[in-house]
Amino acid sequence: MTSFAEAQRWWGAAETILLRGGHLIDPAAGIDEPQDIFLRRGHIEAIAGRIGRDADLRVELEGLCIAPGFGDIHVHLREPGGEDAETIESGSAAAARGGFTRIACMPNTEPPIDTRGLVEFVLRRAQSAGAAEVFPVAASTKRRAGDELTEMQELREAGVLAVSDDGSPVRDARVMRRVLEYALTWDLLVISHAEEPSLSAGGVMHEGYWSTVLGLEGIPAAAESVAIARDLRLAELTGGRLHIAHVSTHEGVELIRGAKERGVAVTAETAPHYLALTDESLRTFDSVYRVNPPLRSAADREALIAGLRDGTLDCIASDHAPHTDVAKDQELEAAPPGMIGMETTLGVVCEILHHREGFSLRDLVRLCATRPAEIIGWDPGRVRMGGAAHLTVFAPDQEWEVDPSAFASRARNCPFRTWRLRGRSRLTVCGGRLTHQEDVEFCPSERLLTQTA
Ligand SMILES: [Zn+2]
């Protein structure tokens, strides 16, 4: 089999590339059928049922699905300040392996990303690391302290598409109102980490049956729903564009459903771990299961799946939150909350939503590629002629065992260790460049072989 390095060399040297025999799923373009794709210098020149033209490089995708590049609008890359756990380079490599071509990273770094200079730092780093396009989400308040708004005009000019104090909520409702108003002026999305801190303080897991049995301090569902209710009302008041991050509760889904029915401009995401795990996992007292918001009850999990099914929840985001082993190998109460996710999202979502819950592959692509791009404003969220190719090729039925030691991420805090998942990413193309391939047949022309020999 072709190594990634060799594939990348051929890919980079080829003037024309034919992606042959894959099944293209592009919900925004209404395509769900076998299609060949012809690339010239990384740009899409033709899409057709069968393309007979010769290319410098032919890539055989028979039996695989091709989708618009997957996007993850909620990840933590830990740089600057937390490079032991992750860097922009290792995090973007993890993204490429997981099938993502674009990711939005949260500003709760050290220092927080709250100025044009820090935004430019992240963009520069991402450009030289280069395995995925990285879009910094800037803080909505200075130092994420919750009182003074950031310079949103400057941030917007530097390329920021969304603001958030993620990692913590904006405590003061009046400040949140102003964030929504000000962000609207600069056409920025406001991402809400919906948590009422006075209700969540001290908790390590979901408050319910299992927290009682285990004798652990709980975080009630209301810590999330009270905050979501506030922010929905503020979005209604201001007309601002609100996106609710990592929805974990039944109550949250109900509130968002109601707001959408009233016509509020709100979108929402949930994360794979809330679909695959419940608070029962904490029985092990293993800190790998500590996350914020916490893993919830089985009934909450059902409600999230129903919310994804009827469109109340718009998309999936990993909330990839790397921590070092040293930080995580502590008692539950001392370990920081968070799990890594970019290299398991596709597998978990394919396994749980497609294979077990009956979601179509088209639904999956909508949740992982189309909607994330639409929500944050990435263009295009679809496979478009003329554009630099952003493509994710995956095998929805391929079974594999999760082995975090093989991950590109620096962190190992993965709750799916040893799980067998169906659905694996096989090839990723980001802005026309090959950023990941595994077990795909590459057929270079004689000319390309001589040229790269
Ligand atoms: Zn958050």
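Note that the structure is predicted; figures quoted are calculated from it, not measured. (Residues numbered from 1 in each chain as written. Predicted model: local features only at pLDDT ≥ 70, side-chain atom pairs only at ≥ 80, totals over all residues. Heavy atoms only, no water.)

## So, the overall build of the chain
Right, so step 1: The secondary structure content of the chain amounts to 15 helices and 21 strands.
Right, so step 2: Relative to the compact-globule value of 22 Å for 453 residues, the chain shows a C-alpha radius of gyration of 21 Å, a close match.
Right, so step 3: Projected onto the principal axes, the alpha-carbon positions of the chain cover approximately 65 × 45 × 40 Å.
Right, so step 4: Burial analysis of the chain (453 residues in total) assigns 60% to the buried set.
Right, so step 5: Here the contacts in the chain between residues at least 6 apart in sequence split such that 75% fall between residues at least 24 apart.
Right, so step 6: Summing over all exposed atoms, the chain offers an accessible surface of approximately 17,100 Å²; the carbon and sulfur share of this is 46%.
Right, so step 7: Within the chain, one finds 48 positive and 68 negative side-chain charges whose respective centroids are separated by 3 Å. (Helix = DSSP H or I, 4+ residues; strand = E, 2+ residues; numbered from the N terminus. Rg over C-alpha atoms; globule rule 2.2 N^0.38 Å. Buried < 20%, exposed > 50% of the residue type's maximum accessible area, 1.4 Å probe, protein only. Contact = heavy atoms within 4.5 Å. Areas by Shrake-Rupley, 256 points an atom, 1.4 Å probe, with all protein chains shown as cover. Lys, Arg positive; Asp, Glu negative; His and termini not counted. Charge placed at Lys NZ, Arg CZ, Asp CG, Glu CD.)

## Some words on helix α2 (residues 88-98)
Right, so step 1: Taken across its 11 residues, α2 has 8 buried, putting it largely inside the fold.
Right, so step 2: Burial in α2 covers these residues: Ile-88, Ser-90, Gly-91, Ser-92, Ala-94, Ala-95, Ala-96 and Gly-98.
Right, so step 3: Downstream of α2 by one or two residues, Gly-99 has phi in the positive range, about 100 degrees.

## So, the side chain of Ser-287
Right, so step 1: In this fold, Ser-287 is placed in the loop between α10 (272-276) and α11 (298-310).
Right, so step 2: The class of Ser-287 is buried, set by a relative accessible area of 5%.
Right, so step 3: Within the structure, the side chain of Ser-287 is placed 2.4 Å from the backbone oxygen of Lys-328, a separation counted as a polar contact. (Polar contact = N/O pair within 3.5 Å; in protein donor to acceptor, adjacent residues only side chain to side chain.)

## Overview of the coordination of the zinc ion
Right, so step 1: With distances of 1.9 to 2.2 Å, the protein atoms coordinating the zinc ion are Asp-166 (OD), His-193 (ND1) and His-246 (NE2).
Right, so step 2: In primary sequence terms, the donor set of the zinc ion follows D-x26-H-x52-H. One end of the pair, Asp-166, is in the loop between β11 (162-163) and α5 (173-185); the other, His-246, is in the loop between β15 (242-244) and α9 (250-261), with 80 residues separating them in the sequence.
Right, so step 3: On the accessibility criterion, Asp-166 (2% relative accessible area) is buried. (Donors = N, O, S within 2.8 Å, 3.2 Å for Na, K, Ca; no water.)

## A word on the sheet that holds strand β18 (residues 391-401)
Right, so step 1: Strand order in this open sheet of 6 strands is β3-β2-β7-β18-β19-β20, and the pairing throughout is mixed. At either margin of the open sheet sits one strand with a lone partner, and together these are β3 (31-34) and β20 (433-437). Here the average twist between neighbouring strands, direction ignored, is 25 degrees.
Right, so step 2: As paired strands, strand β2 (residues 23-26) and strand β7 (residues 65-68) are joined by 2 bridges and run parallel to one another. Paired with Leu-24 across the two strands is Ile-66, which belongs to β7.
Right, so step 3: Where α2 meets the sheet, it contacts β19 (420-430) and β20, and its direction lies at approximately 110 degrees from that of β19.
Right, so step 4: Across the face of the sheet, helix α14 (residues 361-376) comes into contact with β2, β3, β7 and β18 while running at roughly 35 degrees to β7. (Pairing = 2+ DSSP bridges. Axes fitted to C-alpha atoms, helices over the stretch in contact; angles between N-to-C directions.)

## Quick look at the pairing of β18
Right, so step 1: Relative to β18, β7 runs antiparallel, the two being bridged by 4 bridges. Its bridge partner lying in β18, Ala-67 is registered against Thr-392.
Right, so step 2: Here 8 bridges tie β18 to β19, and the two strands are oriented antiparallel to one another. Counterpart to Thr-392 in the pairing with β19 is Thr-428.

## Quick look at empty space enclosed by the protein
With a probe scaled to a water molecule rolled over the atoms, the places where space remains empty come into view.
Right, so step 1: Applying the stated criterion across every chain, the model contains 5 cavities of 30 Å³ or more.
Right, so step 2: A volume near 70 Å³ is recorded for the largest cavity.
Right, so step 3: Taken together, 13 residues form the lining of the largest cavity, with Pro-169, Val-170, Met-176, Ser-192 and His-193 sitting closest to its centre.
Right, so step 4: Listing elements by their share of the lining of the largest cavity, those giving two or more residues are β12 (189-192) and α8 (222-238).
Right, so step 5: Tallying contributions element by element places β12 first for the lining of the largest cavity, with 3 residues. (1 Å grid on protein atoms, 1.4 Å probe; cavity = no way out; pocket = protein on both sides within 12 Å on 5 of 7 lines; lining within 4 Å. Points joined across faces, edges and corners; volume = space filled by probe spheres on them.)

## Brief notes about the sheet that holds strand β8 (residues 70-75)
Right, so step 1: Strand order across the open sheet formed by 3 strands is β8-β9-β10, with parallel pairing between neighbours. Edge positions in the sheet fall to β8 and β10 (133-136), since each has one partner strand and no second. Averaged over all pairs of adjacent strands, the angle between their axes in this sheet comes to 20 degrees, without regard to strand direction.
Right, so step 2: Alignment of β8 against strand β9 (residues 100-105), held across 4 bridges, turns out to be parallel. Considered in β9, the bridge of Val-75 is made with Cys-105.
Right, so step 3: On the sheet, helix α3 (residues 116-129) packs against β9 and β10 and is oriented at approximately 170 degrees with respect to β10.
Right, so step 4: With respect to the sheet, α14 is in contact with β8 and β9, its orientation differing from that of β8 by roughly 55 degrees.

## Comments concerning the domain arrangement of the chain
Right, so step 1: For the chain, the domain assignment lists domain 1 (4-66 + 388-452) and domain 2 (69-376).
Right, so step 2: The gap between the C-alpha centroids of domain 1 and domain 2 is 28 Å.
Right, so step 3: The interface is formed by 39 residues belonging to domain 1 together with 48 residues belonging to domain 2.
Right, so step 4: Summed over both partners, the interface of domain 1 with domain 2 buries about 3,600 Å², with 63% contributed by carbon and sulfur atoms.
Right, so step 5: In terms of surface lost to domain 2, no three residues of domain 1 exceed Arg-410, Asn-413 and Arg-422, which account for 19% of the buried area on that side. (Domains from an automatic or database assignment. Buried area = accessible area lost by both parts, 1.4 Å probe.)

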